[in-house]
Amino acid sequence: METHSTQRKRRKSRSALVGGGVAVAVGALLAPLVEAPAASAAARADEVRHPVTYVDPLIGSAGGGNTYPGANLPFGMIAWSPTSTTGDQTNTAAANGYSYDTTRVRGFSLTHVNGAGCHPGAAGDVPIMPFVGEVDSSPTADTKDQKYAATFSHEKEKAEPGHYRVGLDSGASADLAVSERAGVGDFSFPQDAPARLLFRTSNSLNGSENAHIEIDRERHKVTGWVLTGAFCGRRANGGANNRKTYYRLYFSASFDRAFSTVGTWENDRLAPGATTADGGEGYLTGADRAGRGSGGYVGFDTARDNDVRMRLGISYVSLAGAEANLRAEIAPRASVADVAAAGRAAWDRRLRAIRISGGSEPRRTAFYTALYHSLQQPDLISDTDGRYPGMDGTPHRVERGQTAQYSNFSGWDQYRAQVQLLALLQPRVAGDFAQSLLNFARQNGGVWDRWVHISGATHVMTGDPSAATLATFYAMGVRNFDAKGAFDSLYRQATVPHPDGLSDKGCPGQCEGQRPNLAQYLESRYAAQDACHCWGGAAETLEDSVADDALARWARLLGRAKEADELGARGGYWRNVFNPQATGAAGYIQARNRDGSWVTPFDPASDRGFAQGSAATYTWMVPQDVQGLAEAMGGRDKAAARLDGFFHKPDGSWSVRGGDPLRYDPTNEPGIHAPWLYNALGQPWKTQETVRQIVTTVYGTGPKGLPGNDDLGTMSAWYVFAALGLYPQAPGRAEALLTGPLFPHAEIAPAGQRRALTIDAPNASDTRPYVHAVRVNGRPHDTSWLDGSVLRQGGSLSFDLADRPDTGWATDPGRLPH
């Protein structure tokens, strides 16, 4: 691809100074990290000094990973990335707008969410498209993206943290870099053809209720907004209830030169010379939406200068907020290269929270890209002045002591691994996020929604993941949020029925009730399949049991003994949906009716009573009481034998890639903790070999390097923990389960903390996955789990790894995880 420097040779000279906001950030980002306890010289000899060099944003962009390759910063508001097309302007090639296997784009959108599964996914707001040619018809009328889209080849595409470049086959190119809430883009055009930039203001991934654009020829500016929402609004199970608006994104774009031509469009009507337009697309798809919407375009004379620079800010509060964000973060003369360098430094510092040594290049790439994906969310929604859109539809300011308001909470997914990694590496962000969710709940009548997008309650999935998440944060030492107020609010949600709990709106995928039919649940001690107003009664019971156990542990830490006892008992309600005679051969988790009868016919491969998973998978979803589950199955040995069958086919070969409802599915969350259950069953060597098998065969590099939807960093966080040899034992706890690390040395230095945790495994290799011995802070350690103080306070772990199972280590029945 033609380089940016080559493209700029025909351009007038510019000063390249980064503005105050970015400059301050860069200075902080390049500051040295607090030194961790010394490791051996050999371990540090090949330590990764700049993790950012190993990140490949294209990992997960094919095969259902639903990642996006565009420019973003850690936890940033703006994410500038391509929207691809397969010939339908009301749809995209993948859930989040980009598929590696589709090389035709209709714009570069300003907002994205990493790895969401609903198709189309969330956001994808305001695609901006460099177009070579005359705009002589409405781009909205180009319903099959035949004219106003362009193809490209991956040879002319470059994705890096904070920076994205691509050359289109039309001869135009885009070079994009961002700060947290703003960006700079250079758009180059052929000198011998008309150069136009299209603002498809209404064309968010899910459509829009309305959109507005204004073109200011005198000041060389384009401003506007889109009124949208509707995440998961097209899914067959419950989507109709979520085809609603819940946020407005404002943008302000200024250019380095005058416009040679302008125009707008509304539906199929083109208005050359016009400077304003309005109109949304609705939230349907195909013929029900095609040909609707609005936008505008600006043109440039490229006879003497074929490179157009655009500076852009966004805000969820106001146009003034978008412009203030731009002023604060990017200086007037900052170039793409300047902003990209600052973004690269920002990512490097965040990624240096874990420094590894050793390992092959592909392993390092897989690891640091997984960490990169894990730290993309939550996302900023507050402006530089602290204002943000509340869930009540009005602007608010962050609370005293709160640094920023965050959103995009895929709770059902994230509470199993991503929130633990966030708490471990970025405790300040975790606390601000906890406060953010509390703020939203207070603005939402006390209701904690399980999937929050921007300022909208989407109700997606099942259970009460907010309870599990905040309890986990507190257990792991996060304190910078109103913990008492949050606990009281979550306890009320778990104990006081809400009218929404009797609603079937949105069911089964987006049921309004966050504790559906709570009165029935408390009376029966399980969610009845025929009366729960939920996605699946068995799944809801398991989810609520996990959430209540986590709340109970949090209550204990707060000195709330009464609530701890009450909630602790409820953490065992999973037993009420375990049918020991579900089949002639074995017991399973099974849905029940309100009268106590089991829902029949029963098939372990069926998802009846469950949410995105089979009974065979959900039966293992009792991380808070593995010993109790083993007892229900007939003892640890029988449970371990059943777990063997979950990971292996009848002939003994591995079955860890998914596709079989009776066995492990690495692509979805209900069973992702299952490989570590062997630790509690007294056979930790099987955890070690199973985790290693998944790490080496299911995950990898390249666009298909993730097993499935990244789900806002969840699958990536799983990989990060697995590579370190650790995994969260259960929500609401700081204990960790152990397995063999992938790298000879790792140093975890949480942001803003003086504590650090070093992990040494000098003989780590592909042929040595088994743990022979462990030392914690220099002392022999004979259990397959760590006390929570290790993750909270730091220290040192040392592993002696072997090439064959050690069936004696960490098997004492009295010292197993519980």
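Structure's up top.
Residues numbered from 1 in each chain as written. Predicted model: local features only at pLDDT ≥ 70, side-chain atom pairs only at ≥ 80, totals over all residues. Heavy atoms only, no water.

J.: Teacher, can you tell me more about helix α19 (residues 684-697) here?
T.: A turn of α-helix holds 3.6 residues, and therefore any two residues three or four places apart point the same way. Taking 1.5 Å per residue, 14 residues should reach 20 Å; α19 reaches 20 Å between its end C-alpha atoms and fits that length. Along α19, ten of the 14 residues are buried, which leaves the element largely enclosed by surrounding structure. Listed in full, the buried residues belonging to α19 are P684, W685, K686, T687, Q688, T690, V691, R692, I694 and V695. On its buried face, α19 is in contact with α17 (636-647), α18 (677-680), α20 (714-724), β28 (736-738) and β31 (770-776). (Helix = DSSP H or I, 4+ residues; strand = E, 2+ residues; numbered from the N terminus. Expected span 1.5 Å × (residues − 1). Buried < 20%, exposed > 50% of the residue type's maximum accessible area, 1.4 Å probe, protein only. Contact = heavy atoms within 4.5 Å.)

J.: Would you explain the packing of aromatic side chains in this entry?
T.: Here the structure, examined in full by the defined rule, presents 35 aromatic pairs. Between F647 and Y664, the aromatic rings sit 5.2 Å apart at their centres with planes inclined by 50°, giving tilted as the arrangement. Pair noted here: F647 is in helix α17 and Y664 is in the loop between α17 and α18, with a separation of 17 residues, a long-range link. Each member of the pair F647 and Y664 is classed as buried. Just above the ring of Y526 sits the side chain of R592; from NZ or CZ to the centre is 5.0 Å. (Phe/Tyr/Trp six-rings, centres within 6.5 Å; stacked < 30°, edge-to-face > 60°. Lys NZ or Arg CZ within 6 Å of the ring centre and 35° of its normal.)

J.: For this particular structure, what's the right way to read the pairing of strand β34 (residues 795-802)?
T.: Moving residue by residue along a regular strand, the side chains alternate between the two faces of the sheet. Sheet topology places strand β30 (residues 757-760) next to β34; four bridges connect them, and they run parallel. When the bridges of β34 are listed, D760 appears paired with S798. Direction of pairing for β31 relative to β34: antiparallel, over a ladder of six bridges. Residue pairing in the sheet places V774 in a bridge with F799 of β34. (Pairing = 2+ DSSP bridges.)

J.: Would you take a moment to explain the packing of helix α8 (residues 418-425) against helix α9 (residues 427-443) for this structure?
T.: Between two packed helices, both the angle of their axes relative to each other and the distance between the axes serve to describe the pair. Contact pair α8 / α9: the axes reach a minimum separation of 5 Å and the direction vectors enclose 125°. Relative to α9, α8 is oriented oblique. Note on element contacts: α9 touches α8 through P427, V429, A430 and F433, opposite L422, A423, L424 and L425. Looking at the contact of α8 with α9 residue by residue, the classes come out as eight nonpolar, no polar and no charged. (Axes fitted to C-alpha atoms, helices over the stretch in contact; angles between N-to-C directions. Parallel < 35°, antiparallel > 145°, perpendicular 65-115°, else oblique. Nonpolar A, V, L, I, M, F, W, Y, C, P; charged D, E, K, R; others polar.)

J.: I tried to follow the state of the cysteines on my own but got confused; where do I start?
T.: Each disulfide consists of one covalent bond between the sulfur atoms belonging to two cysteines. Throughout the structure, instances matching the rule amount to three disulfides. With its sulfur 2.0 Å from that of its partner, C532 forms a disulfide with C534. Taking the sign of the S-S torsion, about -80° here, the bridge from C532 to C534 comes out left-handed. The pair formed by C532 and C534 is uniform in burial state, with each residue classed as buried. The connectivity of the disulfide-linked cysteines in the protein, indexed sequentially, is 1-2, 3-4, 5-6. (Disulfide = S-S within 2.5 Å.)

J.: What is the right way to look at the pairing of strand β6 (residues 173-178) in this model?
T.: Counting buried positions over the six residues of β6 gives six, a clear majority of the element. Along β6, one buried face is formed by S173, D175 and A177 and the opposite face, lined by A174, L176 and V178, is buried too. Pairing analysis gives five bridges linking strand β5 (residues 163-168) to β6, with the strands arranged antiparallel. Bridging from a neighbouring strand, G167 pairs with S173 of β6. Between β5 and β6, which follow one another and run antiparallel, lie four residues, and G171 among them has a positive phi close to 100°.

J.: What should I look at first to understand the environment of E669 in this one?
T.: As for its placement among the helices and strands, E669 is situated in the loop between α17 and α18. Setting aside residues up to four positions removed in sequence, E669 forms contacts with W412, D413, R416, D711, T714 and M715.

J.: It is not clear to me how the sheet that holds strand β24 (residues 456-457) should be interpreted in this structure. Could you clarify?
T.: The strands that make up a sheet pair up through hydrogen bonds in the backbone, lying either parallel or antiparallel. In space, the three strands of this open sheet follow the order β22-β23-β24, with antiparallel pairing throughout. Sheet topology places β22 (409-410) and β24 at the edges, where each strand pairs with a single neighbour. Two elements, strand β23 (residues 451-453) and β24, share two bridges in a ladder whose sense is antiparallel. Bridge assignment links H453 to a residue of β24, and that residue is G456.

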